[in-house]
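The primary structure of each chain is shown beneath.
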Number of protein chains: 2
Amino acid sequence: MEKTLNVTVLGAGTVGSQVVRLITEKHDELAARSGARIRINAVVVRDVNAPRDFAIDPALLTTDAEAAIDEADLVIELIGGIEPAFTFVKRALSRGATVITGNKALLAQHGPELYELTAANDTDLYYEAAVAGAVPIVYGLRESLAGDTVNRVIGIVNGTTNFILDQMHTTGASYAEALAEAQRLGFAEADPSADVDGLDAAAKCALMASLAFHSRVSMSDVAVEGITAITAKDMDEAARSGHAIKLLAIAERRTDDSGVEGIGVRVHPTLVPLTHPLATVSGAFNAVVLECESAGRLMFYGQGAGGAPTASAVLGDLVAGASHKVRGGHAPRESRYAELPILDAGTAQTRYQMRLRVEDRAGVLSEVAGIFARHGVSILSVAQKETEDGQKANIVLSTHTAREADLEAVADALNKSNAVLAVESTLRVEGDR
Amino acid sequence: MEKTLNVTVLGAGTVGSQVVRLITEKHDELAARSGARIRINAVVVRDVNAPRDFAIDPALLTTDAEAAIDEADLVIELIGGIEPAFTFVKRALSRGATVITGNKALLAQHGPELYELTAANDTDLYYEAAVAGAVPIVYGLRESLAGDTVNRVIGIVNGTTNFILDQMHTTGASYAEALAEAQRLGFAEADPSADVDGLDAAAKCALMASLAFHSRVSMSDVAVEGITAITAKDMDEAARSGHAIKLLAIAERRTDDSGVEGIGVRVHPTLVPLTHPLATVSGAFNAVVLECESAGRLMFYGQGAGGAPTASAVLGDLVAGASHKVRGGHAPRESRYAELPILDAGTAQTRYQMRLRVEDRAGVLSEVAGIFARHGVSILSVAQKETEDGQKANIVLSTHTAREADLEAVADALNKSNAVLAVESTLRVEGDR
């Protein structure tokens with residue numbers, strides 16, 4: 001007879017209720033796969049009487065997290081946010097319970113303390129569900145690629161912003177209209193700031209960078225720009241030049257100006273050629289491209305959010321965690337031997353596409369080009385055309401790859417130049433150098 | 001100080017020499033990640049004087065496999081084929097060594113015996129490199145999706161045939177021309193039969209099905225059709241109807257005519273809509289789509305062959321295997337609790353697109369349609385046109401989904417019908433039901 005393991009589920013929202021349902025319905029399969037009978041000892045909620053997607057046995061519902069955790073062999077944390085999740089997870093780890101969490105914000109802010117608690121108590125911490133839902137990118141980086149050198153991770157890891165940008169791209173909607181539609185369909189929250197300001201993607205970017213580069217990377221290391229400034233006009237111009245606009249999380253191994261090897265981490269809306277695999281990732285789907293020294297380019301693609309897909313990631317971790325409890329062994333521990341420094345975002349090599357409104361007179365293009373030249377930024381292409389009122393001209397300019405700081409200095413100087421009435425948009429470009 | 005583990009590498013061909021190079025060059029990183037110093041105790045070859053891609057320390061080269069294996073903590077088998085690989089792997093497992101292999105044929109033919117030896121000797125068997133090179137599909141199925149129910153696996157898992165079909169699609173080349181080009185570039189062997197007859201894909205299909213459905217599936221269970229009969233005309237007609245032709249490995253959980261739940265496994269050239277993610281997988285790349293109950297649709301994409309990509313998969317397994325040797329625990333063992341039966345291929349639900357040359361006279365279409373109707377196969381679309389000689393007519397027919405056996409019976413009956421001069425091609429269709 002298999003050993004029975006107690007599992008406490010913290011939170012019974014969209015993901016938590018699916019996890020409870022699957023543990024119940026798939027009891028025999030989970031036992032055959034993990035070698036342990038999984039018994040839910042408690043489902044911890046704020047209000048035992050709140051309505052739920054799945055009818056959870058009322059005897060399991062409790063508000064007493066401490067008592068539940070103290071009985072558990074494994075704790076699944078799906079509350080989200082920092083507190084009380086942080087306190088609960090620390091309690092579970094301190095008591096030697098295996099913790100499975102989908103909480104990217106908690107890990108990106110307090111990862112080191114949690115990893116140390118995990119090691120000190122000889123237990124395991126799993127978080128496949130924290131990055132890109134059902135897409136097994138944590139497994140990929142932490143296990144499959146353990147023998148390779150990852151040079152770059154580029155991902156669409158936030159379904160909300162991808163849905164909004166996709167709506168704008170396909171329907172010509174404004175940002176506000178697309179956001180409203182996303183909220184109506186449940187793809188965006190009432191307060192969408194964590195998603196649209198890029199913070200959720202930044203937390204995931206930090207987690208992927210930590211795993212890829214065997215170093216500590218926290219959310220505050222990530223240079224972040226959200227999608228709130230993207231206009232229908234930007235979308236239109238992007239399509240015209242054969243691009244889609246995607247919010248990309250980019251983590252790369254690179255050197256800075258003085259040759260120091262380190263890590264660059266950034267999240268920003270990006271022009272991606274329509275022929276690039278990431279350009280075709282639509283709606284609430286996620287995808288992550290890994291550029292590796294030996295493996296070359298790999299891509300993982302799937303549903304990045306939602307109750308059942310995220311629950312699939314949690315249950316994969318549950319089988320691994322339960323199996324280790326009964327058969328011995330451990331999940332990989334935090335790997336930070338490389339101790340690569342985080343490099344200044346200004347030293348990143350990027351490309352810009354800029355849209356300028358300029359005075360309609362002779363010599364303007366030469367003045368604009370002069371500003372680029374003075375900052376050592378080489379221009380790849382220029383297209384000039386009149387605006388509707390016939391009085392002012394638009395210029396769309398693409399640069400060659402240059403230092404991010406030099407590109408920012410160009411944008412500053414353009415803003416101050418008399419010839420330039422407005423820098424209407426500045427977007428980075430990836431994928432077609 | 002870390003423990004030192006002896007690793008024997010069997011074979012120093014394209015993959016083996018890359019594995020030896022990486023173990024040497026990445027010694028410190030592999031130690032930091034696995035907790036063990038990896039020491040190559042021997043590289044076993046047939047001829048120690050043969051020229052190699054990478055200059056292997058001559059002191060390591062030996063033809064004495066037995067002596068090398070008997071000293072090893074881990075054995076990496078990259079010889080390929082059944083013998084002597086089978087004998088060597090059995091010897092290694094019997095002595096408690098962890099085995100890492102890229103040998104799909106060996107696993108698809110003798111997997112059960114090897115899994116039993118692994119368990120009996122309390123050791124580990126890894127084979128990420130056996131399916132789709134650097135694409136971590138073994139990890140995905142064996143670990144990430146351990147908590148989900150996989151319903152279907154559809155993959156492009158043979159780079160040689162994908163390159164040939166891609167050449168035919170993009171250049172209009174005949175099969176023979178495209179094969180010659182693949183051989184010239186080193187993508188196809190002098191005797192290409194294992195690839196072009198679909199046997200390599202069938203072995204991988206069996207391995208993926210075993211993992212996905214927690215049941216034993218061997219290569220002989222797979223219904224196989226290769227690509228040698230595909231003509232330039234087929235490619236042309238496929239493009240005309242918005243499809244690419246891909247050699248797909250399909251493993252599915254389904255029921256047969258009497259409602260028995262089981263496994264269907266087949267490999268055949270298939271029409272795939274150009275909008276489907278698998279249609280854009282070009283050249284020697286591999287991709288696998290998983291359809292899962294909770295996770296929904298996932299896709300893994302990357303380089304399916306080649307020295308360095310395959311070595312990346314081997315080294316990922318090496319880190320896992322070495323880590324278990326020093327930190328305890330095991331790789332997942334064979335999981336076959338579900339014991340699903342292999343269903344008759346004739347009970348699969350497929351769709352056909354057929355090209356017929358028919359007599360150019362009134363009533364022919366009605367006779368042809370009658371044959372479909374008599375076998376209960378419903379026609380989705382028919383296009384009729386004259387051939388160049390103006391004397392005979394061509395019909396391109398697409399069916400709705402039907403039993404494979406009924407579709408085969410239709411093809412037989414058409415071949416015997418007076419109205420039909422020739423059934424010029426019969427291709428299955430996937431992905432746009």
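Residues numbered from 1 in each chain as written. Chains lettered and ligands numbered in written order. Predicted model: local features only at pLDDT ≥ 70, side-chain atom pairs only at ≥ 80, totals over all residues. Heavy atoms only, no water.

Secondary structure summary: chain A contains 14 helices and 17 strands in total. For chain A, the C-alpha radius of gyration of 24 Å lies close to 22 Å, the compact-globule estimate for 433 residues. Projecting the C-alpha coordinates of chain A onto the three principal axes gives extents of approximately 85 × 45 × 35 Å. Counting over 433 residues, chain A shows a buried share of 58%. (Helix = DSSP H or I, 4+ residues; strand = E, 2+ residues; numbered from the N terminus. Rg over C-alpha atoms; globule rule 2.2 N^0.38 Å. Buried < 20%, exposed > 50% of the residue type's maximum accessible area, 1.4 Å probe, protein only.)

Among the nonpolar cores identified, the biggest contains 161 residues, and Leu290 of chain A together with Leu290 of chain B are the most heavily contacted of them. Residue contributions to this core peak at eleven residues, all from helix H10 (residues 199-213) of chain A. Every residue in contact with Leu290 of chain A, bar those within four places of it in the chain, is listed here: Ile137, Leu141, Leu145, Arg152, Val153, Gly296, Arg297, Leu298 and Phe300 of chain A. Residues Val19, Leu22, Leu30 and Ile40 of chain B belong to the second largest nonpolar core, which totals 36 residues. (Core = buried A, V, L, I, M, F, W, Y, C linked by side-chain atoms within 4.5 Å. Contact = heavy atoms within 4.5 Å.)

Here we take up the side chain of Glu430 of chain B. Residues and elements named next belong to chain B. Within the secondary structure layout, Glu430 lies in the segment after strand S17 (420-429). On the basis of relative accessible area, Glu430 is assigned to the buried category, the value being 4%. At 3.5 Å, the side chain of Glu430 forms a polar contact with the side chain of Arg266. Setting aside anything within four residues of it in sequence, one finds Glu430 in contact with Arg152, Leu248, Ile250, Arg266, Thr270, Leu271, Val272 and Pro273. (Polar contact = N/O pair within 3.5 Å; in protein donor to acceptor, adjacent residues only side chain to side chain.)

Further remarks concern the packing of helix H1 (residues 14-25) of chain A against helix H12 (residues 307-327) of chain A. All names here are of chain A. At a closest axis distance of 8 Å, the pairing of H1 and H12 adopts a crossing angle of 55 degrees. Considering their axes alone, H1 and H12 lie oblique with respect to each other. At the point where H1 passes H12, the crossing takes the right-handed sense. Every residue of H12 that contacts H1 at Thr14, Val15, Gln18, Val19, Leu22 and Ile23 is listed here: Gly307, Ala308, Thr310, Ala311, Val314, Leu315 and Leu318. Each residue belonging to the contact of H1 with H12 can be placed in one class, and the counts come to nine nonpolar, four polar and no charged. (Axes fitted to C-alpha atoms, helices over the stretch in contact; angles between N-to-C directions. Parallel < 35°, antiparallel > 145°, perpendicular 65-115°, else oblique. Left-handed = near helix turned anticlockwise from the far one by under 90°. Nonpolar A, V, L, I, M, F, W, Y, C, P; charged D, E, K, R; others polar.)

Once that is clear, we can look at the pairing of strand S5 (residues 98-101) of chain A. Residues and elements named next belong to chain A. Of the two faces of S5, both are covered, the one formed by Thr98 and Ile100 as well as the one formed by Val99 and Thr101. Viewed along the sheet, the connection from strand S4 (residues 74-77) through helix H4 (residues 85-94) into S5 turns out right-handed. Across two bridges, S5 lies against strand S6 (residues 125-126) in parallel orientation. Each residue of the ladder has a partner; that of Val99, found in S6, is Leu125. Assessed by its sense of winding, the connection that carries the chain from S5 through helix H5 (residues 104-120) to S6 is right-handed. (Right-handed = clockwise from strand over helix to strand, strands pointing away. Pairing = 2+ DSSP bridges.)

Turning to H10 of chain A, a few remarks are in order. For H10 of chain A, with 15 residues, the first-to-last C-alpha span of 21 Å sits near the 21 Å given by 1.5 Å per residue. Most of H10 of chain A sits out of view: 14 of its 15 residues are buried. (Expected span 1.5 Å × (residues − 1).)

A few words now on the sheet that holds strand S4 (residues 74-77) of chain B. Residues and elements named next belong to chain B. Across the sheet, six strands lie side by side as S3-S2-S1-S4-S5-S6; this open sheet has parallel pairing. Strands at the two margins of the open sheet, each flanked by one partner only, are strand S3 (61-62) and strand S6 (125-126). As paired elements, strand S1 (residues 3-10) and S4 share four bridges and run parallel to each other. Residue pairing across strands places Thr8 opposite Val75, the latter belonging to S4.

Right, let's get into the relation of the copies chain B and chain A. Overlay of chain B on chain A (RMSD 0.0 Å): rotation 180 degrees, translation along the axis 0.0 Å. As the rotation angle and translation indicate, the two copies are arranged about a two-fold axis. Distance from the rotation axis, computed per C-alpha, reaches its smallest value in chain B at Gly329 of chain B: 1.7 Å. (Least-squares fit on C-alpha atoms with pLDDT ≥ 70 in both.)

Turning our attention to helix H6 (residues 137-144) of chain B. The buried fraction of H6 of chain B amounts to eight of the eight residues, a majority that puts the element mostly inside the structure. Listed as buried for H6 of chain B are Ile137, Val138, Tyr139, Gly140, Leu141, Arg142, Glu143 and Ser144 of chain B.

Once that is clear, we can look at the environment of Arg152 of chain B. Relative to the helices and strands, Arg152 of chain B resides in strand S7 (residues 150-156). When the C-alpha atoms of Arg152 of chain B and Pro273 of chain B are compared, they prove to be 18 Å apart, with 121 residues separating the residues in sequence.

On to the pattern of salt bridges, then. Residue and element names in this part refer to chain B. Applying the stated criterion to the full structure yields 60 salt bridges over all chains. Between Arg21 and Glu25 there is a salt bridge, and its shortest N-O distance comes to 3.0 Å. You can see Arg21 and its partner Glu25 sitting in helix H1 (residues 14-25), four residues apart, about one turn around the helix. Of the charged contacts, one joins Glu237 and Lys233 as a salt bridge, the two residues approaching to 3.8 Å between their closest N and O atoms. (Salt bridge = Lys/Arg side-chain N within 4 Å of Asp/Glu carboxyl O.)

Here we take up the sheet that holds strand S1 (residues 3-10) of chain A. Residues and elements named next belong to chain A. An order of S3-S2-S1-S4-S5-S6 is seen for the six strands of this open sheet, with the pairing classed as parallel. The open sheet has two free edges, formed respectively by strand S3 (61-62) and S6, since each of these has just one partner strand. For S4 and S5, the ladder comprises four bridges, and the chain directions are parallel. Its bridge partner being in S5, Ile76 is matched across the sheet by Ile100.

Each neighbour pair has its own omega, and for Glu83 of chain A with Pro84 of chain A the value is 5 degrees, a cis peptide bond. Mapping Pro84 of chain A onto the fold places it in the loop between S4 and H4. Its identity as a non-glycine residue notwithstanding, His214 of chain A has a phi of 50 degrees, on the positive side. Residue His214 of chain A is classed as buried on the basis of its relative accessible area, which comes to 10%. Positive phi, close to 45 degrees, is recorded for Glu339 of chain B, a residue that is not glycine. Counting through the fold element by element, Glu339 of chain B comes out in the loop between helix H12 (307-327) and strand S13 (349-359).

Interface size is commonly expressed as the accessible surface area that is lost when the partners come together. Every contact between the two is made by 39 residues of chain B and, on the other side, 39 residues of chain A. Summing both partners gives a buried area of about 3,500 Å² for chain B against chain A, and 52% of it is carried by carbon and sulfur. Among the residues chain B hides against chain A, the three largest losses belong to Arg33, Ser294 and Tyr337 of chain B. Together they make up 17% of the total. Counting across the chain B and chain A interface gives two salt bridges. (Buried area = accessible area lost by both parts, 1.4 Å probe.)

Moving on, we come to the state of the cysteines. Evaluation of the coordinates by the stated rule reveals zero disulfides over all chains. Not engaged in a disulfide, the cysteine Cys205 of chain A finds its nearest cysteine sulfur in Cys292 of chain A; these two sulfurs lie 16 Å apart. (Disulfide = S-S within 2.5 Å.)

With that out of the way, let us pick up the confidence of the model for chain A. For chain A, the average pLDDT comes to 94, and 98% of its residues sit at 70 or higher. Complex prediction metrics read pTM 0.94 and ipTM 0.93. (pLDDT = per-residue confidence, 0-100.)

This paragraph deals with the packing of aromatic side chains. Across all of its chains, the model carries seven aromatic pairs over all chains by this definition. Measuring from centroid to centroid gives 5.4 Å for Phe300 of chain A and Phe300 of chain B, while their planes differ by 55 degrees, and the two rings are tilted. Residue Phe300 of chain A is located in strand S12 (residues 296-303), and its partner Phe300 of chain B is located in strand S12 (residues 296-303); the two belong to separate chains. Take Phe300 of chain A and Phe300 of chain B: they sit in the same class, and that class is buried. (Phe/Tyr/Trp six-rings, centres within 6.5 Å; stacked < 30°, edge-to-face > 60°.)

Looking at where Ala311 of chain A falls in the secondary structure, it is placed in helix H12. Beyond its immediate sequence surroundings of up to four residues, Ala311 of chain A is in contact with Val15, Gln18, Val19 and Leu22 of chain A.

Now for the pairing of strand S15 (residues 392-399) of chain B. Residues and elements named next belong to chain B. Summarising burial for S15: seven of the eight residues are buried, a large majority. Of the strand pairs in this sheet, S13 and S15 are connected by seven bridges, and their pairing is antiparallel. By the bridge assignment for S15, Leu356 is matched with Ile395. Judged from the seven bridges that link them, strand S14 (residues 379-386) and S15 form a sheet pairing that is antiparallel. Bridging across to S15, Val382 finds its partner in Leu397.

Residues and elements named next belong to chain A. By the secondary structure assignment, Gln353 is in strand S13 (residues 349-359). Since its relative accessible area comes to 9%, Gln353 is described here as buried. Within polar-contact distance, the side chain of Gln353 engages the side chain of Ser398 at 3.5 Å. Dropping the residues within four chain positions of it, Gln353 is found in contact with Ser241, His243, Leu271, Val396, Leu397, Ser398, Ser425, Thr426, Leu427 and Val429.

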